[in-house]
Amino acid sequence: MAGAALGLALALSSVALPAPAMAAGFPEKSVTLVVWAGAGGALDTYGRKLAELLEKESGWSVKVDNRPGGSGAVGVSQIMTQPADGYNILVFTGTLTFGIAQGLIPFELKDFRMLRAMQSEPSSLAVLSDSQFKTVEDFVKYMKENPSGLKVGGHAPGGFHQYMLYQLMKSGGFESGWIPHDASGKVTLALLGKHIDAAMMTPSTGLAQVKNGEIKLLGVSTDKRSEFLPDTPTFKEQGYDIEGAVWRGIAVKAGTPDDVVNSIQAAVDKVTASADWKKFQTEQFQDSPDWKEEEFTKRAESDLSNQLEFLKANGYAQ
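Now for a description of the structure that goes with this document. Since the model is a prediction, treat every value here as computed from it, not as a measurement. Starting from 1, residues in each chain are numbered consecutively following that chain's sequence as written. Note on the predicted model: pLDDT of at least 70 is required for a residue's local features to be given, and 80 or more for side-chain atom pairs to be given and counted; whole-chain, interface and lining totals, by contrast, use all residues. Side-chain metrics rest on all non-hydrogen atoms present in the structure, leaving aside hydrogens and water.

1. Some words on the packing of aromatic side chains
Turning to step 1, where the next piece is worked out: Whether two aromatic rings pair depends on their centres lying within 6.5 Å, for rings of Phe, Tyr and Trp, where Trp uses its six-membered ring; planes under 30 degrees apart make the pair stacked, over 60 edge-to-face, and the rest tilted. Applying the stated criterion across every chain, the model contains 18 aromatic pairs.
Turning to step 2, where the next piece is worked out: Three or more aromatic residues joined by ring pairs make a cluster, and in this case those are Trp36, Phe92, Trp247, Trp291 and Phe296.
Turning to step 3, where the next piece is worked out: The criterion is that NZ of a Lys, or CZ of an Arg, lies within 6 Å of the ring centre and within 35 degrees of the ring normal, and then a charge sits over that ring. Cation over ring: lysine 29 sits above tyrosine 87, and NZ or CZ is 4.7 Å from the ring centre.

2. Topic: the environment of proline 203
Turning to step 1, where the next piece is worked out: One can find proline 203 in the loop between strand S8 (198-201) and helix H8 (207-212).
Turning to step 2, where the next piece is worked out: Measuring from C-alpha to C-alpha, the distance between proline 203 and alanine 42 comes to 9.4 Å, with 161 residues separating the pair along the chain.
Turning to step 3, where the next piece is worked out: Here, residues are in contact when the closest pair of their heavy atoms is within 4.5 Å. Discounting chain neighbours no more than four positions away, the residues touching proline 203 are Glu121, Pro122, Ser124, Val210, Leu217 and Leu229. Helix and strand definitions follow DSSP, with helices as H or I runs of at least four residues and strands as E runs of at least two, each counted in order from the N terminus.

3. So, empty space enclosed by the protein
Turning to step 1, where the next piece is worked out: Residues are said to line a cavity or pocket when one of their atoms sits within 4 Å of a point; the points come from a 1 Å grid over protein atoms alone, cavities being sets where a 1.4 Å probe fits but cannot get out and pockets being open sets with protein on both sides within 12 Å along at least five of seven lines. Grid points are joined across faces, edges and corners, and a volume is the space filled by probe spheres set on the points. Counted according to the given criterion, the structure contains 4 cavities of 30 Å³ or more.
Turning to step 2, where the next piece is worked out: In this structure, the largest cavity spans a volume of roughly 200 Å³.
Turning to step 3, where the next piece is worked out: Around the largest cavity, the lining comprises 19 residues; the ones closest to its centre are Thr93, His155, His161, Ser184 and Arg248.
Turning to step 4, where the next piece is worked out: Contributing elements (two or more residues each) for the lining of the largest cavity: helix H2 (42-58), strand S6 (152-155), helix H6 (160-172), helix H7 (184-192), S8 and strand S10 (245-253).

If you want it as C-alpha cells, here you go:
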C-alpha cells in the first residue's frame, strides 16, 4: 500500500492540479474529513465528533471519509491528490512522523500545514482483567525469564505504541516481539479474543472495556497519574522512566491559502469552546493540547528527530 502511495506521490509532480480557490464564504460546499484509520477506533471517534460539531457550531456540511492503510499513506495520498483549497482535511495522529521517517508515507512535513492538535493521550500496558499480571513489574519479570514469551501487540508497525514498548524494554531489560494491527479498534478485539496477551495502546482504544473492568491497565505513560485514570499507576512510579503521548489533529495540504486556513481555525475554535466538545474530551479520557499551526509544526519536527533511534534500532529506518 505504501508503495502505491509512493507512485502516486511521484505522479503528483507531473499532474497539474486546479488552482486553489480563495476563502470568500468558505466553505461554499461540503468539506471532507479524511480519517486515515478505519472505523471504530479512537481516531475515527475523534474525527466523527469533530465533523458533528463543525456542522453544529459553524453550520458546515461535513463528510467523513475513512482511508485506512499504509500506516497513514493512503489517507495522506488522498489529501495530496486534491487541490490545496481546504475542502479536504486530514484527520491523523502523531504516527505521521514515524511513517515519514520509515519512508512509508512518501511525503515530508513541509508538504502539510499542521493546523491543530486537538487531543493528546498516553500509551498504556493493557491486559485482560483475569491476567496473571497485576503490575508492570509482573509483566517485566515474566518477559525477562521468558524472552518474547508473550504475544504483545498494538496499532501499526514502528509507530508510537511500539516505540513506547521499546522504551519499556530498554528500561526493564527484556525482549518482546510486536504484532501490529492496522486499526486501533482491532487491538481491543485481539486482546478480548486472546489473540494477544498484552497490548500497548491508548486507554480510549478499549474505553468501554476499561470502564467496565474487562481490560486492566497496568501502567500509563503520563508524568503523573491521569485525572481520568486515578487508580492506574504511571510507569514512572513503578520504576520505569517512560513518558510520552500520542496526539491527534488535523492538517491540510501545503499551499492552502491563509484565508482558508483562518476560516478553518475559526471554526475549530468554536468546536473547542463548546460544552459538547469539553464533555466529549472528558468522556474519552482525552487531554486537550490545542496546539495551533506554529506550535504543532515545531512539535512534529521534534518528534521526527527523536524517533529515529528507535526506528533504526528496530530496522524500520536506515
